[in-house]
Every structure is written in structure tokens, then in C-alpha cells.
Amino acid sequence: MAPVGLLPDTPLVNVLLVIVATGFIWFGSAWLEESAEQLSAYYGLPAVVQGSVVVAVGSSFPEFTSVVFTALAGAFDMGVGAIVGSAIFNVLVIPALSGLASAEDLESSRTIVYKEAQFYMIAVSVLVVTFALAVIYVPAPGEELVGLLTRPLALLPLLLYGLYLFIQWQDVGDHDAEGGGAGVAVGREWGRLAVGLLVILVAVEQLVGAVESLGHAFGIPEFLAGVTILAAATSLPDTLVSVRSARDDRGATSLGNVLGSNTFDLLVAIPVGVLIVGTVPVDFAVAVPMMGVLTLATVLLFATLRTDLSLTTLEAYGLLASYVLFVAWVVAETVGATNVIRGG
């Protein structure tokens, strides 16, 4: 949507907004990545922790704040389909693009595979269990397979993210830093990090609004736009950060950002919105099939990263093909050709 009172809300203006916002996100993500790298060097953080916590939380900041703002406005909607659609995009498309951008095979590591990827699979499982508990113990009156996600239940994913941060903190303590941050201007880098976050936040807000307006203008169904177009739009900061890291031959940071961002979105962004609102309905018939697809996508990424601890060009194209199949399935659900998502 065009800035209120400044530009007309027309398809041409919204296309221009998409282009301009993408440019600002590119610059903001560059500042975010560079400042995070400098600060990680100064504080002696491992590359995996840099990608999965510092950069991941930063690049997920727009999604987090959008959840908070809508909750404060009293218009918070769980939107499980759109959230999981973004996570599937992150798992399949971003590693593929990073692998294609890398000069050689995108290097993984045992830490990425056996800690980050496996913990992310646990995060997906815990969120499904949380939804199931809502359906079992707080069912919505008169609704089948719909539960009410309450504040006490929302604490379960947050507690798991606390465990995740504890594990990362332990890894920092075990890490033997190489001492490359002696000349870092800490205050300036924190300031650049904050400016990068602000630029990304404003640009993504305009980008998502423009994409929504284009979707309405061209008659794109809301479910289809949510799990594909809007998912890709909100994942743009993660995409740019990961691709740039891969191009600089920092595979651990690139892959850590993907898995860390998804972990943050599932275990923090959703529960914080619930804590603000108090009660959010969860349609289990929609949530479970989408979470099942996300689990399959995560297992596929796990398998490709484990083979020789790298992501080859062929495997990258395989991930992209898998995402195309996912989009085709979503289109089939939208037009009624399939009926896997019973509550969609």
C-alpha cells in the first residue's frame, strides 16, 4: 500500500514501491550483516552463533514487530499458513540461492546439521504440540478442531527458545576466539546495527503493504498470497543476508541465519503476539498439514546438508524444485483441486 496521503494506491505506484523498498532492504541488510560481523568478532562469537542468533534475530525483526503492532492494535490474527509459508521459503529457497551464489559448494558443518537443524525440528514439534494442547484443553465453543492458544500455553515455545539461547551461550564459552575485534568501534557498530534494523523495518512494512495491494488488484486469493508472495516478501532480509554471507564464503553464517530466523519466528514471534492479545484461535486442520510440509522441507534440508557436509549445485536446484512443488500444491488447494487442508 502506498504511504498514506503521499502517493496514490495504484498498481504502478505499488510496483515502484516494491522496487524502492527492495533497494532499501538491500542496504539495510548490508549494514546489519557488516555490523553483526564486527560485533561478533569483538565479543568473540562463533560464526554459527553469529548467524543463528545475532543476524537471525535482526533479520527477523520486521516479522516480530509486525506481530507486536497488530496485536497492540487489536487485530492480531494467528495466520499459521502465512507464518509457516515463510518458514518453508526460508528452508528451501534461501539455502538454494545461497548455494548457487557461492563460488563453490556451500560448506555446512556438524554444528549446523546436528545442533541448528535438529533443534529447529524440535522447535517445529513443540509448536505442533502446543497447538494440540490448545485444541484438547481449551477448545473453541462450537468449533471442531479449533482451540484457543492462551498465555500459559504460549510460554512453552518461549521456554524452549530460552533453552536454545542457553545452548548458544555455552557454545560461546567453549569457543576459542581468534581475537579479530581489537580495532572495532563498538558504539559505531551498535549504532549502524540499529539504523540497519530501522531501515529494514520501514522498508519491509512498505513492501508487504504494496504486495498486499497488488494481490487485491489482480484478484490473487488471500491464502495463496499469504503462503507464497507475502512469505517471500517478509523473508527478503533473510534472503539478502544469507546470500551475501554465502558469496563471502561464510557458509556457517548463511545457514545459521536461515535456521536461527525460523527458530526465532516460531518460538518467539508467535508466542509474544499471543501474550499481548491473551487468546488466539488455532485451526488444527490448517496448522497440521502446513506444519507437516514444513517438517518434510526441514528433513530435506537436513539430508542435503549432511551429505558431505555441503550443499552442491544439484542439491540447490533440488531444493528450488521442491519449493515449486509446494507452490503448485498451494495453488491446487486454493482452486479446490485438492482438499488436504480441511479448514482452509
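From a predicted model like this one, the values you see are computed outputs, not experimental measurements.

What follows concerns the side chain of Thr 150. Mapping Thr 150 onto the fold places it in strand β2 (residues 146–150). Sequence-distant contacts of Thr 150, that is, excluding residues within four places in its chain, are made with Val 138, Val 274, Gly 278 and Thr 279.

With that settled, the discussion passes to the environment of Pro 271. Tracing the chain through its elements places Pro 271 in helix α10 (residues 251–277). In this structure, the C-alpha to C-alpha distance between Pro 271 and Leu 155, residues 116 residues apart in sequence, is 6.9 Å. Ignoring sequence-local partners within four residues, the contact set of Pro 271 consists of Ala 154, Pro 157, Leu 158 and Leu 266.

A separate point is the nonpolar core. Counting 52 residues, the largest nonpolar core has Tyr 120 and Leu 294 as the members making the most contacts within it. Residue assignment for this core shows that the elements contributing at least two residues are α4 (80–101), α5 (110–137), α6 (151–174), α8 (222–234), α10, β3 (279–283), α11 (284–306) and α12 (313–335). Considering every element that reaches this core, the biggest residue donor is α11, with ten residues. The residues contacting Leu 294, other than those within four sequence positions of it, are Val 84, Ala 87, Ile 88, Val 91, Tyr 120, Val 124 and Leu 266.

Moving on, we come to a negative patch on the surface. On the surface, a cluster of negative charge is contributed by Glu 104, Asp 105, Glu 107, Asp 249 and Asp 308. Within the fold, Glu 107 resides in strand β1 (residues 106–107).

What follows deals with the pairing of β3. Each regular strand carries side chains that alternate between the two faces of the sheet. Alternating positions in β3 separate cleanly, Val 280 and Val 282 being buried on one face and Thr 279, Pro 281 and Asp 283 remaining unburied on the opposite face. Relative to β3, β2 is paired through five bridges, and the arrangement is antiparallel. Across the sheet, Leu 149 pairs through a bridge with Val 280, a residue of β3.

This brings us to the packing of helix α1 (residues 11–43) against helix α7 (residues 186–217). Where α1 contacts α7, the axes come no closer than 7 Å and their chain directions differ by 155°. Judged by the angle between their axes, α1 and α7 are roughly antiparallel. Viewed along their axes, α1 and α7 form a crossing whose handedness is left-handed. Along the lines of polarity and charge, the residues of the contact of α1 with α7 split into 26 nonpolar, nine polar and three charged.

With that out of the way, let us pick up the packing of aromatic side chains. Tallied over the entire structure, the rule returns eight aromatic pairs. Note on Phe 89 and Tyr 323: the rings are 5.5 Å apart at their centroids and 85° apart in plane angle, and the pair reads as edge-to-face. With a gap of 234 residues between them, Phe 89 in helix α4 and Tyr 323 in helix α12 connect regions that are remote in the sequence. Assigned by exposure class, Phe 89 and Tyr 323 land together as buried. Ring centres of Tyr 323 and Phe 326 lie 5.7 Å apart, and the angle between their planes is 40°; this geometry places the pair in the tilted category. Here Phe 326 and Tyr 323 lie together in helix α12, a separation of three residues that amounts to about one turn. An identical accessibility class is assigned to Tyr 323 and Phe 326; each is buried.

Cut-offs applied
Residues numbered from 1 in each chain as written. Predicted model: local features only at pLDDT ≥ 70, side-chain atom pairs only at ≥ 80, totals over all residues. Heavy atoms only, no water. Helix = DSSP H or I, 4+ residues; strand = E, 2+ residues; numbered from the N terminus. Contact = heavy atoms within 4.5 Å. Core = buried A, V, L, I, M, F, W, Y, C linked by side-chain atoms within 4.5 Å. Buried < 20%, exposed > 50% of the residue type's maximum accessible area, 1.4 Å probe, protein only. Patch = residues over 30% accessible without salt bridge, like charges linked within 9 Å, V, L, I, M, F, W, Y side chains within 5 Å. Areas by Shrake-Rupley, 256 points an atom, 1.4 Å probe, with all protein chains shown as cover. Salt bridge = Lys/Arg side-chain N within 4 Å of Asp/Glu carboxyl O. Lys, Arg positive; Asp, Glu negative; His and termini not counted. Charge placed at Lys NZ, Arg CZ, Asp CG, Glu CD. Pairing = 2+ DSSP bridges. Axes fitted to C-alpha atoms, helices over the stretch in contact; angles between N-to-C directions. Parallel < 35°, antiparallel > 145°, perpendicular 65-115°, else oblique. Left-handed = near helix turned anticlockwise from the far one by under 90°. Nonpolar A, V, L, I, M, F, W, Y, C, P; charged D, E, K, R; others polar. Phe/Tyr/Trp six-rings, centres within 6.5 Å; stacked < 30°, edge-to-face > 60°.

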